[in-house]
Amino acid sequence: MALKHVDGLQVEAASHVDVQQAEETFNELARQLSRQSNSAAQRSKQTSQTTSSSLSNPFDLREYLTSSNDANQVAGIKHKHVGVTWEDLEVKVIGGADHKIFIPTFGAPFPIKQLPTRTILQKSSGVLKPGEMCLVLGCPDAGCTTFLKTIANQRDDYASVSGDVRYEGIDAAEMAKYYKGEVVYNQEDDIHISTLTVSQTLSFALSTKTPGPNGRLPGVSRKEFQTMVQDSLLKMLNISHTHQTLVGDEFVRGVSGGERKRVSIAEMMATRARVQCWDNSTRGLDASTALDFVKSLRIMTDVLGQTTFISLYQAGESIYELFDKVLILDKGRQVYFGSPSEARAYFENLGYRALPRQSTADYLTGCTDPNERQFADGRSELDTPSSPEALESAFYNSVAYNDLRDSLKKFKLRMETEKADQEVFRAAVLADKKRGVSKKSPYTLGFTDQVKALTIRQFRVRLQDSFQLKTSFSVDVCLALIVGGAFFNLPDTAAGGFTRGSVIFIGLLTICLEAFAEMPIQMFGRPIVNKQTTYGFYRPAALVFANFFADIPFSAVRVFIFDLILVDSSLSTLFVYLGFLTMQGFFRTFGLLCVNFDSAFRLATFFLPNMIQYTGYMIPTVSMKRWLFWIYYINPLSYAWSGLMENEFMRVTLTCDGNYVVPRNAPGINKYPDDLGPNQACTLFGATPGSDQISGKDYLTAGYAINTSDIWRLNLVVLVAFMILFFITQVIAIEYLSPKVGGSSVRIYAKEDKEEKALNARSTGAIQGHRRAFMWEDLNYHVPVPDGTRRLLHDVCGYVKPGTLTALMGASGAGKTTCLDVLAQRKNIGVVSGDILVDGRPLGPDFARGTAYAEQMDVHEGTTTIREAMHLSEALVFSLSVEARKRLTIGVELASKPALLLFLDEPTSGLDAQSAWNLVRFLRKLANQGQAILCTIHQPSSLLFESFDRLLLLESGGETVYFGEIGKDSQVIREYFARHSAYCPPTMNPAEYMLEAIGAGLAPRVGPRDWKDIWLDSPECERVRGEINELKSQGLEVPVTAEKQTRTYATSFFYQLCTVVKRNNIALWRSPDYVFSRLFVHAFFSLFVSLSFLQLGNSVRDLQYRVFGIFWLVVLPAIIMSQLEPLFIFNRRVFIRESSSRIYSPYVFAIAQLLGEVPYSILCAVVYWALMVYPMGFGKGDTGINGTGFQLLIVIFMELFGVSIGQLVASISPSIQIAALFNPFIGMILTIFCGVTIPYPNLNPFWKWLYQLTPYTRTIGAMLPTELHGLPIRCSSDEFAVFNPPANQTCQAWAGEFVSAFGGYLDNPTATAACRYCQYSVGDEFFLPLNISFDNRWRDAFILFSYFIFNIIVTIIASRFLRYAKR
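What counts, and at which threshold
- Residues numbered from 1 in each chain as written.
- Predicted model: local features only at pLDDT ≥ 70, side-chain atom pairs only at ≥ 80, totals over all residues.
- Heavy atoms only, no water.
- Helix = DSSP H or I, 4+ residues; strand = E, 2+ residues; numbered from the N terminus.
- Buried < 20%, exposed > 50% of the residue type's maximum accessible area, 1.4 Å probe, protein only.
- Areas by Shrake-Rupley, 256 points an atom, 1.4 Å probe, with all protein chains shown as cover.
- Salt bridge = Lys/Arg side-chain N within 4 Å of Asp/Glu carboxyl O.
- Core = buried A, V, L, I, M, F, W, Y, C linked by side-chain atoms within 4.5 Å.
- Contact = heavy atoms within 4.5 Å.
- Axes fitted to C-alpha atoms, helices over the stretch in contact; angles between N-to-C directions.
- Parallel < 35°, antiparallel > 145°, perpendicular 65-115°, else oblique.
- Left-handed = near helix turned anticlockwise from the far one by under 90°.
- Nonpolar A, V, L, I, M, F, W, Y, C, P; charged D, E, K, R; others polar.
- Pairing = 2+ DSSP bridges.
- Arc of directions from axis to C-beta.
- Expected span 1.5 Å × (residues − 1).
- Disulfide = S-S within 2.5 Å.

Draft legend 1. View of the overall build of the chain. Helix and strand counts for the chain come out as 50 helices and 31 strands. Buried positions account for 60% of the 1367 residues belonging to the chain. Surface accessibility of the chain: about 53,100 Å² in total, with carbon and sulfur atoms responsible for 56%.

Draft legend 2. Spatial organisation of the pattern of salt bridges. Taken as a whole and judged by the stated rule, the model has 46 salt bridges. Among the salt bridges present, the one from Asp551 reaches Arg462, with a minimum N-O distance of 3.4 Å. Placement of Asp551 in helix H22 (residues 540-566) and of Arg462 in helix H17 (residues 447-464) is noted, with a sequence separation of 89 residues between them. Assigned by exposure class, Asp551 and Arg462 land together as buried. In this structure, Lys1012 and Asp1013 form a salt bridge, with 3.2 Å as the shortest nitrogen-oxygen distance. On the basis of relative accessibility, which here comes to 22%, the residue Lys1012 falls in the partly exposed class.

Draft legend 3. Focus on unusual backbone geometry. Look at the link from Val662 to Pro663: it is a cis peptide, with omega at -15°. With respect to the secondary-structure elements, Pro663 resides in the loop between strand E15 (661-662) and strand E16 (681-682). In the Ramachandran plot, Asn153 falls in the positive-phi region, its phi being about 70° despite a non-glycine side chain. For Asn153, the position within the fold is in the loop between helix H5 (144-151) and strand E7 (160-167). A relative accessible area of 17% places Asn153 in the buried class. Not every positive phi belongs to a glycine, and Lys331 is a case in point at roughly 55°.

Draft legend 4. Main features of the nonpolar core. Among the nonpolar cores identified, the biggest contains 286 residues, and Trp86, Phe147, Phe309 and Phe347 are the most heavily contacted of them. Here this core takes 19 residues from helix H42 (residues 1100-1139), the largest share from any one element. Setting aside residues no more than four positions away along its own chain, Phe347 makes contact with Ile328, Val335, Tyr336, Tyr352, Tyr363, Leu364, Cys367 and Leu391. By size, the runner-up hydrophobic cluster in this structure holds 82 residues, among which are Phe847, Leu951, Leu953 and Leu995.

Draft legend 5. Focus on the side chain of Asn715. Looking at where Asn715 falls in the secondary structure, it is placed in helix H28 (residues 710-737). Overall, Asn715 belongs to the buried group, its relative accessible area being 3%. If we ignore the near neighbours within four places in the chain, the residues touching Asn715 are Phe575, Tyr639, Ser642, Gly643, Glu646 and Asp710.

Draft legend 6. Molecular detail of the packing of H42 against helix H44 (residues 1184-1211). It is the contact of H42 with H44, at a shortest axis distance of 7 Å, that shows an interaxial angle of 40°. By the criterion of interaxial angle, the relationship of H42 to H44 is oblique. Here H42 runs over H44; the crossing is right-handed. Across the interface between the two elements, Leu1113, Val1114, Leu1116, Pro1117, Ile1120, Met1121, Leu1124, Glu1125, Phe1128, Ile1129 and Arg1132 from H42 touch Val1195, Met1198, Glu1199, Gly1202, Val1203, Ile1205, Gly1206, Gln1207, Val1209, Ala1210 and Ser1211 from H44. Of the residues belonging to the contact of H42 with H44, the class tally is 15 nonpolar, 4 polar and 3 charged.

Draft legend 7. Structural detail: the sheet that holds strand E31 (residues 1315-1318). Across the sheet, 3 strands lie side by side as E29-E31-E30; this open sheet has antiparallel pairing. The outermost strands of the open sheet, each flanked by one partner alone, are strand E29 (1281-1283) and strand E30 (1305-1306). Sheet topology places E30 next to E31; 2 bridges connect them, and they run antiparallel. Bridged to Tyr1305 within E31 is Cys1318.

Draft legend 8. Summary view of helix H14 (residues 388-396). Those residues of H14 that fall on the buried side of the exposure criterion are Pro388, Leu391, Glu392, Ala394 and Phe395. End-on, the buried residues of H14 take up no more than an arc of 160°, which puts them together on one face. Where H14 is buried, its residues meet strand E5 (117-128), strand E12 (325-330), strand E13 (333-338), helix H12 (340-350) and helix H15 (399-417).

Draft legend 9. Representation of helix H43 (residues 1146-1176) within the structure. Between its first and last C-alpha atoms H43 spans 44 Å; for 31 residues at 1.5 Å apiece the expected length is 45 Å, and the two agree. Once H43 ends, the next one or two residues include Gly1177, with phi positive near 85°.

Draft legend 10. Main features of the sheet that holds strand E9 (residues 183-186). Spatially, the 6 strands line up as an open sheet ordered E9-E10-E11-E6-E12-E13, and their pairing is mixed. Looking at strand neighbours, the two that pair on one side only are E9 and E13, the edges of this open sheet. Taking the axes of each pair of neighbouring strands and ignoring which way they run, one obtains an average angle of 15° across the sheet. Pairing between strand E6 (residues 133-137) and strand E11 (residues 307-311): 4 bridges, direction parallel. Directly across from Leu135, in E11, lies its bridge partner Ile310. Packing of H12 onto the sheet brings it into contact with E12 and E13, and relative to E13 it is tilted by some 125°.

Draft legend 11. Representation of the state of the cysteines. Enumeration over the complete set of coordinates arrives at 3 disulfides. A sulfur-sulfur separation of 2.0 Å characterises the disulfide bridge that pairs Cys656 with Cys682. Taking the torsion about the sulfur-sulfur bond, which here is approximately 105°, the covalent link between Cys656 and Cys682 counts as right-handed. Of the two residues, Cys656 is situated in the loop between strand E14 (653-655) and E15 and Cys682 in strand E16; the sequence distance between them amounts to 26 residues. Given a relative accessible area of 4%, Cys656 falls into the buried group. A relative accessible area of 15% means that Cys682 is categorised as buried. With its bonded cysteines labelled in order along the sequence, the chain shows the pairing 1-2, 3-6, 4-5.

Draft legend 12. Highlighting the packing of helix H23 (residues 570-593) against helix H26 (residues 636-649). With their axes 9 Å apart at the nearest point, H23 and H26 run at an angle of 175° to one another. Compared by their axis directions, H23 and H26 come out roughly antiparallel. Between H23 and H26, the contacting residues are Leu571, Ser572, Phe575, Val576, Gly579, Thr582 and Met583 on the first element and Pro636, Leu637, Tyr639, Ala640, Gly643, Leu644 and Asn647 on the second. Split by residue class, the contact of H23 with H26 holds 9 nonpolar, 5 polar and no charged.

Draft legend 13. View of the environment of Ala172. For Ala172, the location among the structural elements is in helix H6 (residues 172-178). Spatially, the C-alpha atom of Ala172 lies 9.7 Å from that of Thr150, the residues being 22 residues apart in sequence. Those residues in contact with Ala172 that sit more than four places away from it in its chain are Asn153, Arg155, Val165 and Tyr167.

The following block contains the structure:
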């Protein structure tokens, strides 16, 4: 065993690792990186001569990665070396070995109370010294991810972790507390903020991990350090060209999948952690780039002395040879740990067949796969260890295990006795910290600097999401103009008193309820927060401060513009904005606390109705029930509303006139004075006898028990206190209570019925049918970019014959997926030119139905079983692993039995070697039966590569490098490259070599000419064009029937609808959280309103409360919309994938979404109705019980309207965030103009058309007369208007004509003093002046239903034309 020295540390190394060669390779890499650094330095303007000279020197990546060059040593910068030991490491997860966890359903929402646990990682031991790399191998479910996450100290996903894991002698608890940024884990999925560019993503990572002055060279500033390192990382991973491109995701167009993977790699490299765990991090990378990545890790590990664990699927021999140790797991059991060079011989000696052509990594993994392993001649599973337990036992009795125990014992002894490396590590971490950072802090930056870096990032996120920014400002401006127009130029009379309160209440609610959208935003951002906090970038609480500060410029301007248009008062803006910030913190707290949107929605609904009802506007404090009035005092909105009311009325004096004078003249009556006389009374709150002037202060005191002197000493102080309180709750929630979102190790099942049991026992037949040839010529594709257009494909030619398997390969970012999308007709932006033909004819409408496309992104309906998911095209999806989801994606597309062509985009990415080989063998079998297949593929082994018939090879820019046969043992393509001076060594994988030869990785291309020019001049290119012409001629000779040319879908509309509706019903049945949330919302919403209006009587105040009780029903759809929209938008993601293959039409999707909601909507409506009409005491008018039945019909119609308007908004919105912006706008417009907040007689004539157009007008018009018709009204003692008649006149004589004209009654008609007048004697007198008629209630009911039909039609149209899937 050789020895190697890493910065003074002497460690053992595997003999096959050539350190000298690695360092030479590193130096070459550093020289390549220096060129970019020099050009960057030349571009920057320097004022300091010292700084300028330092940057003019070639940048050596070693200064960043190792801090071990002479300059660093002179500067006294210490090195960090962390060896890792683990002993008897055991991990348990939820779910017994033979225990199935069944999904809860609406019928059985809580099926399991106590879950058993099982061991997913059996006792494992080992040691990895500084400067060593360990390859972790195993089949899916072997425990590789669990092992890596446990080594990386990420234990939250597991039921229990036992055993001893130490990092240079430091235990796991101390490491997590003080040094968590030094042990990091790179997960398989790429999670990023999609609207940031690559440069911004890395810039943020580096801004939080750049060392302080003691960890950098003298004279190098933080900014210079970050710039040089960022440029170097981009160059090292060959993504410099993407630095200004959005990272993107499945919905935001950005970098390619392989480039996004490299962004994830660069982000973790920026942590400068010394223990790194990489989980299948080459997924999505081409073979050449994957090799470059592992070589880079090898170099960094050697020179830095870092400790690196990597799990890889489909690792080639050249990658395998770079490792010092290999760990093999089988069903959680450690079956080998030792030298990679000895591993193959170890398993051969156990009795497994030697397979020299198979790569060592594939061979070792195959030995643990019951379906793939092969025994040596004369051996079988009877005399060869083959089960996980037997392989583990064999390893425990092997020399390799004895070496492991000996090495572990010695290393632990050295760590316990010497402790030199541990002390150096502690000192180096301390030196890395910026000045002022606590020694105990695990972060490089202090809290203030973390907040600063995060604020910059969050500001960019908001600024670059231009669509949401424009939409939010436009919605608020439009809403302010409409509401302001409705309350335009309010008079300083009694009529302006109540309406002033209305506009203040509406304006406050509009802005504050916009913060409701914060809940889903917090949840969707949680995976990114979890990843970056484990990287040690920042502590979670810093994000709370950053979100607050980054949002202020946008929200403050938006609120200011809104309030300026509506009220035009700076003090009013202050209270509105403080109310908004308070509610923003309130909703963000729920978003941070709850595991999903449904639970957060339930929690918010518990508080929201009471917060609205107990502001003091709907129910004045003096009228609140004594056992509920305390809600007013703990309600932040009440203080904001009181402050706004005090600010408005403290300077206003109202004149009593018009309808507020009793008695008064009616048309044809001139008996009473036109002004307020001594024998008249003003009914406005705060009026004094004999005076027609009411001060605003008196009005507030009498009507709402509000004291204007409280505006500063109480309302402002308490509102600020609430804002701070919710800020603190956010910090507590994100630091200590936020649910962790990690990978699931538990499979969830649906219970089988008899039909499914029978289906599970059946096997499917082979694919049969006539096949046609597919061809393309001179294919070009241009996309719009900010500075013009960019060409992604250039004159690509090729074909796929029936019964052939064609591979599409190239470097990451060369245009493979783009080419596949263009050929499959999946692109909806950009310009495509050239010919795409089937049998020589242009593509017909049946093309999409005749093809299937298995995409990279595995998007499925999560609650379907695997069989159900495949049945639509012909354990539950959400609980599947990455590998299982990939296989399901392919299976779903195959189930559609494509008659023409099967497209697959990187079908083997994320699969282990055996699964990849099985998949390609299956594709080969399909091809042999006549299926035409075209697929992109990354990192194929030599055996897998030669399974394909033809290859289309692309280089950067979408240029064709080769199209033609591969040949047995890749002979044809090897000869082609050899003819042009690119000789593939016999031991090298041709798939890897040809990518290196064309310059796909960091290495320069082989040969002086560009390979695209070589191809264009080659006879092979000419032959391909001739073959295309021949295929066109042959195809045109075959007649095509009219039916095949015109039919778009394979099944009828009715069959599609039945199938999709059935799936939606199953999905909702298996989503009890969602359904119970809807029921909870309706039940508690109605109950809370009813408790405030319990058993209403016959007084005028109770009459008004009956109106408010009905009015709450029109608020309900806004709540329904907020819950429905996320579900609809997620289901649309699934539909976009499925509709591309013409599985079912968009009309079916839209109708099925609605039909699935109808049964639960009716149930919710019944619950709401029952808790409304009976507790409030409805049905006391002439309509009686029949009237309450009619009310149920209206509640059902309103429920259906709420569902349909929610789905309509979702169908026209590109995202949940945008949909959430529309909700307050729609809700406010519909409620303002329905005739309650602004009675019809007081409505500005310009807006009366909107009153007629609003569906809620019909709701009020149907429900209000039904409830109030014939309802006797009797004023309570404090509700009478009291006035004195002229001398010697009775009350009846003085006011009788007035009462006859306007209604109501005199309580003491024969009295000669203190006449008591009640405004209403029967409920009809209340609603008749409001343009509402009892005779029109059925008409209004069905007009309301017609709005429901209208919403369905618009949703169907929007689903057809608006999908927001830019590709």
